[in-house]
Amino acid sequence: MNFELTEEQEMIRQSARDYAQRELIKDVIERDTNAIYPTNHVENLKELGFFGIISDEKYGGTGLDYLSYVLAISEFSKIDSSIGVILSVHNSLAIAGIERYGNEAQKQKYLPHMTSGEKIGAFLLSEPEAGSDASSQHTTAVDKGDHYLINGTKNWITNANSGGIYLVIAQTDPEKKHHGINAFIVEKDTPGISLGPHEDKMGMRSSDTHSVMFSDVKVPKENRIGEDGFGFKFAMKMLDSGRISIAAQALGIAEGAYERALQYSKERKAFGKEISKHQSIAFKLAEMKTRIEAARNFVWKAAWEKANGKNFSMTGAMAKYYAAETAMFVTTEAVQIHGGYGYVKEYHVERLMRAAKLTQIYEGTSEIQKMVISRAILDA
Ligand code: CAA
């Protein structure tokens, strides 16, 4: 067993950390408060190669391993988890979806534009009545010979407005249930696509989240991913990987809050000494750190399993579940350690606490992760 990072992994982590601690920190409170999309940071991160970080160099990617990517997501999310989710959906759901399951023509056509960040990707699975129950798709894609006609509404779509390439999951044959679902590459500017208003979220307020409406949207047949009926399996497989990066995001949120709480507890004095010297606070720090280290082991193990061609579905779900619960626990304790200061924006921990809540909900709620884990145990 080797728990050491390679030189390259350390370098990527440091580069993401530097950017987050030097640049993201400057305007993160204002962006989160006013729900401002981080355009300048997105442009800088494109330049630095983070929009094609795990893609093959032959498609313009940076070609790094999954653990390097996961490390970067955690570092960005310590400060700004909106950046974490923008990168995560783009890289591990949209780009990876085309790179792993698209045909060569689709890869050649779309990936170079995506790995450069010119076109950001989005993953359109959730619907008003199909969130956790993902196979209950109401969006339809009717086969019209040389094209499909898509109608329906998708909800909670990250990168909906900033994105240029959508991976859309839709029902092509309701009688076949989940075997009649397909995935399509759809260009955002295709006629018939419209967006709902920007969602006014509790946390991660500067990532752009919208509903997307499809009205007789014509999609060429060659834009279907994989064999007819592969769409649900495709979505499940992509979520398996995506969950590792959301787990990394949750880990980063927890670490960011812990680091601030630790620092604060060494500076703040009460009853004649630093609050870190009171057992009530020291034990909180011990519990926070222990859970963070356990979450890190899960996240890194899932990334290692994925990078080494193992079945990572269960570990990925465990990582997502445990890291999200840890983020919620640690950020809540961090606010508590800060007392009144924790409840105001200037001290950053309240933002991290609001962000932590979302990690328990999206890319599969904590309850869904337990479903995936228990099924893996029972089906083994
Ligand atoms: N890999 C491959 N195939 C899989 C699979 C996996 N991980 N999980 C299920 N399948 C296959 C099954 O083998 C089965 O195939 P067959 O019928 O051919 O045997 C088929 O899919 C149906 O499986 P289930 O009966 O287990 O499906 P289900 O309807 O019970 O649902 C579920 C399973 C895991 C609960 C799934 O619905 C799910 O993951 N729900 C959560 C959805 C989710 O995470 N949404 C997040 C939206 S994206 C997002 O949030 C992005 C963002 O913006 C951050």
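Numbers given to residues run from 1 along each chain, matching the order in which its sequence is written. pLDDT decides what is reported in this predicted model: residues at 70 or higher carry local features, side-chain atom pairs at 80 or more are listed and counted, and totals for whole chains, interfaces and linings draw on all residues regardless. Side-chain figures throughout are based on the complete set of non-hydrogen atoms in the structure, without hydrogens or water.

Caption draft 1: Quick peek at the nonpolar core. The set of buried Ala, Val, Leu, Ile, Met, Phe, Trp, Tyr and Cys residues whose side-chain atoms join them within 4.5 Å is what this entry labels a nonpolar core. Classification of residues uses two cut-offs on accessible area relative to the type maximum, computed with a 1.4 Å probe and protein chains only: under 20% is buried, over 50% is exposed, and between them is partly exposed. Residues F50, F76, F123, F234 and V299 are the most contacted members of the largest nonpolar core, which totals 92 residues. Any two residues whose heavy atoms approach within 4.5 Å at even a single point are treated as in contact. Excluding anything up to four places from it in sequence, F50 contacts I12, S15, A16, L45, A72, F76, L87 and N91. Ranked by size, the runner-up nonpolar core spans 17 residues in total, among them A141, I150, A160 and A170.

Caption draft 2: Local environment of the side chain of E75. In DSSP terms, a helix is any run of H or I states spanning at least four residues, a strand is any run of E spanning at least two, and both are numbered starting from the N terminus. Here E75 shows up in helix α3 (residues 66–79). Taking relative accessible area as the criterion, E75 reaches 2% and is therefore assigned buried. Any pair of nitrogen or oxygen atoms within 3.5 Å is treated as a polar contact; in protein, a donor-acceptor pairing is required on top of that, and neighbouring residues in sequence qualify only through side-chain atoms on both sides. Here the side chain of E75 touches R17 through a polar contact of 3.1 Å, side chain to side chain. Residue contacts for E75: discarding those within four places in its chain leaves R13, A16, R17 and A20.

Caption draft 3: Expanded view of the pattern of salt bridges. For salt bridges, the criterion is a side-chain nitrogen of Lys or Arg within 4 Å of an Asp or Glu carboxyl oxygen. A complete count under the given rule lists 23 salt bridges for this structure. D200 serves as the salt-bridge partner of R205, at 2.7 Å between the closest nitrogen and oxygen. With relative accessibility at 15%, the residue R205 sits in the buried group. Here the salt bridges share partners, and the residues they tie into one network are R17, E75, K78 and E259.

Caption draft 4: Structural detail: helix α9 (residues 349–359). Most of α9 is tucked away, with 9 of its 11 residues classed as buried. Here α9 has its buried residues at V349, E350, R351, L352, R354, A355, A356, L358 and T359.

Caption draft 5: View of the UniProt feature "domain: Acyl-CoA dehydrogenase/oxidase C-terminal" (unreviewed entry) in the chain. Taking the numbering used here, the UniProt-annotated feature "domain: Acyl-CoA dehydrogenase/oxidase C-terminal" (unreviewed entry) corresponds to residues 231–378. Secondary structure content for residues 231–378 is 78% helix and 3% strand, while the C-alpha to C-alpha distance between its ends is 25 Å. UniProt positions are given in the numbering used here, feature names are shortened, and annotations may be inferred rather than shown by experiment.

Caption draft 6: Representation of empty space enclosed by the protein in the model. Using a grid of 1 Å spacing that covers the protein atoms alone, one calls a set of points a cavity when a 1.4 Å probe fits there but cannot get out, and a pocket when the set is open and has protein on both sides within 12 Å along at least five of seven lines; lining residues are those with an atom within 4 Å of a point. Grid points are joined across faces, edges and corners, and a volume is the space filled by probe spheres set on the points. Scanning the model with the defined rule gives 2 cavities of 30 Å³ or more in all. Looking at the largest cavity, its volume works out to about 60 Å³. Taken together, V28, D32, I79, D80, S81, S82, M204, S206, R351 and A355 make up the lining of the largest cavity. We call Asp, Glu, Lys and Arg charged. Ala, Val, Leu, Ile, Met, Phe, Trp, Tyr, Cys and Pro are nonpolar, and the rest, Gly among them, are polar. Residues of the lining of the largest cavity, tallied by class, amount to 4 nonpolar, 3 polar and 3 charged. Considering only enclosed or pocket space, the second largest cavity measures out at about 40 Å³ in volume. At the level of elements, α3, α6 (231–267) and α7 (279–307) are the ones that each hand at least two residues to the lining of the second largest cavity. Considering each element in turn, the lining of the second largest cavity owes the most residues, 3 residues, to α3. When the residues that make up the lining of the second largest cavity are grouped by side-chain class, the tally is 3 nonpolar, 1 polar and 4 charged.

Caption draft 7: Representation of the site of the ligand. Taken together, 26 residues surround the ligand, and among them S132, T158, H178, H179 and R375 come closest. Here a nitrogen atom of the ligand sits 2.8 Å away from a polar atom, N or O, in the side chain of D240. E363 has a polar backbone atom sitting 3.0 Å from an oxygen atom of the ligand. Put simply, the parts of the chain that give the shell around the ligand at least two residues each are α4 (81–101), α6 and α10 (366–379). Classifying every residue of the shell around the ligand gives 11 nonpolar, 9 polar and 6 charged. Any residue with a heavy atom lying within 4 Å of a molecule or strand is counted as near it.

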